[in-house]
Amino acid sequence: MDLSKLSAESIKKGLKTDLIGQSIVYYSSVGSTNEVLKELAVQGAPEGTLVIADQQTAGRGRLGRKWLAPPGASLLLSLLFCPDLAPDQAQRLTMICSLAIADAIEGLTGLSVGLKWPNDIFIRGKKAGGILTESGTTGGHLNYVVVGMGLNVNLAVSTLPELRDLATSLSQELGREVSRLELLWKTLEGIEARYNSLMRGDSPHEEWAARLINLGRQVQVTTAQGALVGWAEGVDANGALILRTPDGQRLRILAGDVTLRGSAPS
Ligand code: BT5
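This text gives an overview of the structure that appears in the document. (Residues numbered from 1 in each chain as written. Predicted model: local features only at pLDDT ≥ 70, side-chain atom pairs only at ≥ 80, totals over all residues. Heavy atoms only, no water.)

1. Observations concerning the sheet that holds strand β10 (residues 241-244)
Spatially, the 5 strands line up as an open sheet ordered β11-β10-β9-β8-β12, and their pairing is antiparallel. A single partner strand is all that each edge strand has here, and the edge strands are β11 (250-253) and β12 (257-261). Sheet twist, expressed as the average angle between the axes of neighbouring strands with direction ignored, equals 45 degrees. With 4 bridges connecting them, β10 and β11 associate as antiparallel partners. In the sheet register, Arg244 faces β11, and the bridge partner there is Arg250. (Pairing = 2+ DSSP bridges. Helix = DSSP H or I, 4+ residues; strand = E, 2+ residues; numbered from the N terminus. Axes fitted to C-alpha atoms, helices over the stretch in contact; angles between N-to-C directions.)

Given below as structure tokens:
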């Protein structure tokens, strides 16, 4: 059996979950799995619905940026959550999903995975994946959270010249291909365990903070309001970055892009 051949049937066969991925919508090609799942969420799709594609023609990052992925090489998926949380707690879903991906990659490949605030998956200093979390709210109530994940699995980074210096993939780091199916199963099982724990009231933010490669460092954060420099002191339970500025202020930053300043630990 080709373990990397994705289909609803092949995914279902080896998936040991009760909720996450129990409803599967598979596309060989689609615009954006997040867009599809947001539509399905509004139509009442069940919690745990997985939308997964082999290729996206309009894959998105944050702020209208593009997510690039040639066919057959990546995990491109979105998951639907309907948690009993406040809208400003939605980032906790990003945390549990990125922690589960990191665990799954490490468990299957032995590679060491870091997370970069707020939504990147990093291996040996390069971006191997990203997460796009989008929420639906009405009147201060969180109706749904769609967590979209893109991971470069068997991607030859040379096929995406614009990303050559920034991106990596599991196969690039290992020198061999990795089964997308096995990685998907492990990731979804890890997400389910972490989601159950979140719903029992446990906060994932300390474990997430411990994996963030940009904490305890001098950083520049680019936000919608402009660039800020300072010391990345920590994160709070809702995922905001706590930045200590040179004049001693402590700022709480909800969204932005972080660039490291100064020398990086290996
Ligand atoms: C992200 O945005 O990193 C979130 C990416 C989420 C993608 C998934 S795929 C399934 C689901 N459906 C979607 O439509 N999206 C989600 P951001 O932090 O804004 O980073 C975007 C930037 O990452 C781009 O501007 C590029 O610089 C870089 N990039 C694009 N494709 C990449 C790739 N394959 N590997 C590494 N970096 C990439």
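Once you've had a look at it, read on.
2. So, the pattern of salt bridges
For the structure on display, the rule yields 17 salt bridges. For Arg60, the salt bridge identified is with Glu134, shortest N-O distance 3.0 Å. Here Glu134 lies in strand β6 (residues 126-138) and Arg60 lies in the loop between β2 (50-53) and β3 (74-81), a separation of 74 residues in the sequence. Here Lys116 makes a salt bridge to Asp120, at a shortest N to O gap of 3.8 Å. Of the two residues, Lys116 and Asp120, both sit in the buried class. (Salt bridge = Lys/Arg side-chain N within 4 Å of Asp/Glu carboxyl O. Buried < 20%, exposed > 50% of the residue type's maximum accessible area, 1.4 Å probe, protein only.)

3. Quick word on the packing of helix α3 (residues 91-109) against helix α5 (residues 180-199)
Packing of α3 against α5 leaves a shortest axis separation of 8 Å and a crossing angle of 140 degrees. Between α3 and α5, the interaxial angle falls into the category oblique. In this structure, α3 crosses over α5, and the sense of that crossing is right-handed. Residues Arg92, Leu93, Ile96, Cys97, Leu99, Ala100, Ile101, Asp103, Ala104, Ile105 and Leu108 of α3 pack against Glu182, Leu183, Lys186, Thr187, Gly190, Ile191, Arg194, Tyr195 and Leu198 of α5. Tallied by class, the residues present in the contact of α3 with α5 amount to 13 nonpolar, 2 polar and 5 charged. (Parallel < 35°, antiparallel > 145°, perpendicular 65-115°, else oblique. Left-handed = near helix turned anticlockwise from the far one by under 90°. Contact = heavy atoms within 4.5 Å. Nonpolar A, V, L, I, M, F, W, Y, C, P; charged D, E, K, R; others polar.)

4. Details of α5
An ideal rise of 1.5 Å per residue puts 28 Å on 20 residues; α5 measures up with 28 Å between its terminal C-alpha atoms. Burial runs high along α5: 14 of the 20 residues are buried. Gly201 occupies a position one or two residues after α5 and carries a positive phi of about 105 degrees. (Expected span 1.5 Å × (residues − 1).)

5. A word on the sheet that holds strand β1 (residues 24-27)
With respect to topology, 7 strands assemble into an open sheet ordered β1-β2-β3-β7-β6-β5-β4, the strand pairing being mixed. Either end of the sheet is taken by a strand with one partner, and the two such strands are β1 and β4 (113-116). Pairs of neighbouring strands in the sheet enclose a mean axial angle of 20 degrees, with direction left out of account. In this structure, strand β5 (residues 120-123) lies alongside β6, joined through 4 bridges in antiparallel fashion. Bridge pairing in β6 places Asp120 opposite Gly130. Strands β2, β3 and β7 (141-152) of the sheet are contacted by α5, whose axis makes an angle of about 25 degrees with β3.

6. Brief notes about unusual backbone geometry
The phi angle of most residues is negative, glycine excepted, and most peptide bonds adopt the trans form. The omega torsion across Trp117 and Pro118 is 0 degrees, close enough to zero to call that bond cis. Within the secondary structure layout, Pro118 lies in the loop between β4 and β5. Phi is positive for Leu63, which is not a glycine, with a value near 50 degrees. Its location among the elements puts Leu63 in the loop between β2 and β3. Classification of Leu63 by relative accessible area gives exposed; the value is 74%. A positive phi is found at Arg124, a non-glycine position, where the angle reads about 45 degrees. With respect to the element layout, Arg124 can be found in the loop between β5 and β6.

7. Side note on the site of the ligand
Residues in contact with the ligand amount to 27 residues; listed here are only the nearest, Ser32, Arg60, Arg65, Leu68 and Lys127. Here an oxygen atom of the ligand and a side-chain polar atom of Asn119 are 3.1 Å apart. When the ligand sits alone it has 800 Å² of accessible area, and the protein chains cover 92% of it. Looking at the shell around the ligand, the elements with two or more residues in it are α2 (33-42), β3, β6 and β7. The class makeup of the residues in the shell around the ligand is 9 nonpolar, 12 polar and 6 charged. (Near = heavy atom within 4 Å. Polar contact = N/O pair within 3.5 Å; in protein donor to acceptor, adjacent residues only side chain to side chain. Areas by Shrake-Rupley, 256 points an atom, 1.4 Å probe, with all protein chains shown as cover.)

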